[in-house]
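Chain by chain, the residues:
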Amino acid sequence: MRVIAGEARSLPLKSPQGQDTRPTTDRIKETLFNMLQTRIPCGVFIDLCSGSGSIGIEAISRGARKAYFVENGREALKCIADNLHFTKFEDRAVLLKQDVVSAVSTIHEKEADIIFMDPPYQAGLEEPVLSALSRAPYVSEDTLIIIEADLKKDFSFVSDYGFWVTREKRYKTNKHVFIMKEN
């Protein structure tokens, strides 16, 4: 696993040991960031269920002004901290050591540009996190929320929280669901 592009291009990143995290492959990460490239520069990026931190680090490398990393696994937290130190991005990063639902209310930004979440597929975190995000003052009609999920995961519930699915990008084993607040 490595940083694909930008300031830290080609730097290798650590990944937590064990089965608790599934790092996003370089190919999928590259596809995702090609879709996001115009939204990232100078923006605020929030990486929920960060794992190794590779998604948020990629955002900083490509010009994000600030990135939040939310993780509660001890091994993953150490990995994120090591990766931020290695890439020299600590000054643009905020590492929150807490569960993802409560972390949503501890972030204080005027507006978040992109919120990315890659939760454990069977944990059922999508609904409670979207519920919390629907009340977060930094989530506007311009904020893009992306959830990495199992191919079979149904997202018809998002309208219950005032969101809509703008796009779904399917891969061989998973998908990215792009969500925005309804106007």
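The structure under discussion appears in the preceding block.
Summarised in this report is the structure supplied together with it.

Cut-offs used in this document
Residues numbered from 1 in each chain as written. Predicted model: local features only at pLDDT ≥ 70, side-chain atom pairs only at ≥ 80, totals over all residues. Heavy atoms only, no water. Buried < 20%, exposed > 50% of the residue type's maximum accessible area, 1.4 Å probe, protein only. Helix = DSSP H or I, 4+ residues; strand = E, 2+ residues; numbered from the N terminus. Right-handed = clockwise from strand over helix to strand, strands pointing away. Pairing = 2+ DSSP bridges. Phe/Tyr/Trp six-rings, centres within 6.5 Å; stacked < 30°, edge-to-face > 60°. Lys NZ or Arg CZ within 6 Å of the ring centre and 35° of its normal.

1. Topic: the pairing of strand β2 (residues 66–71)
Working step 1: By the criterion of burial, β2 is predominantly enclosed, with 5 of the 6 residues buried.
Working step 2: Once the chain exits strand β1 (residues 44–48) it traverses helix α2 (residues 54–61) before rejoining the sheet at β2, and the crossover so formed is right-handed.
Working step 3: Looking at chain direction, β2 and strand β3 (residues 93–97) are connected through 5 bridges and run parallel. In the strand pairing of β3, Ala-67 is matched with Ala-93.
Working step 4: At this point the chain moves from β2, through helix α3 (residues 74–87), to the parallel β3, and the crossover so formed is right-handed.

2. Describing the packing of aromatic side chains
Working step 1: A full pass over the atoms with the stated rule returns 3 aromatic pairs.
Working step 2: Note on Phe-157 and Tyr-161: the rings are 6.5 Å apart at their centroids and 75° apart in plane angle, and the pair reads as edge-to-face.
Working step 3: Overall, the relative accessible area of 24% leaves Tyr-161 in the partly exposed class.
Working step 4: Within the aromatic cluster, the residues linked to one another by ring pairs are Phe-155, Phe-157 and Tyr-161.
Working step 5: A cation over an aromatic ring shows up here: Arg-167 above the ring of Phe-178, its NZ or CZ 5.9 Å from the ring centre.

Just distances and angles here, no functional claims.
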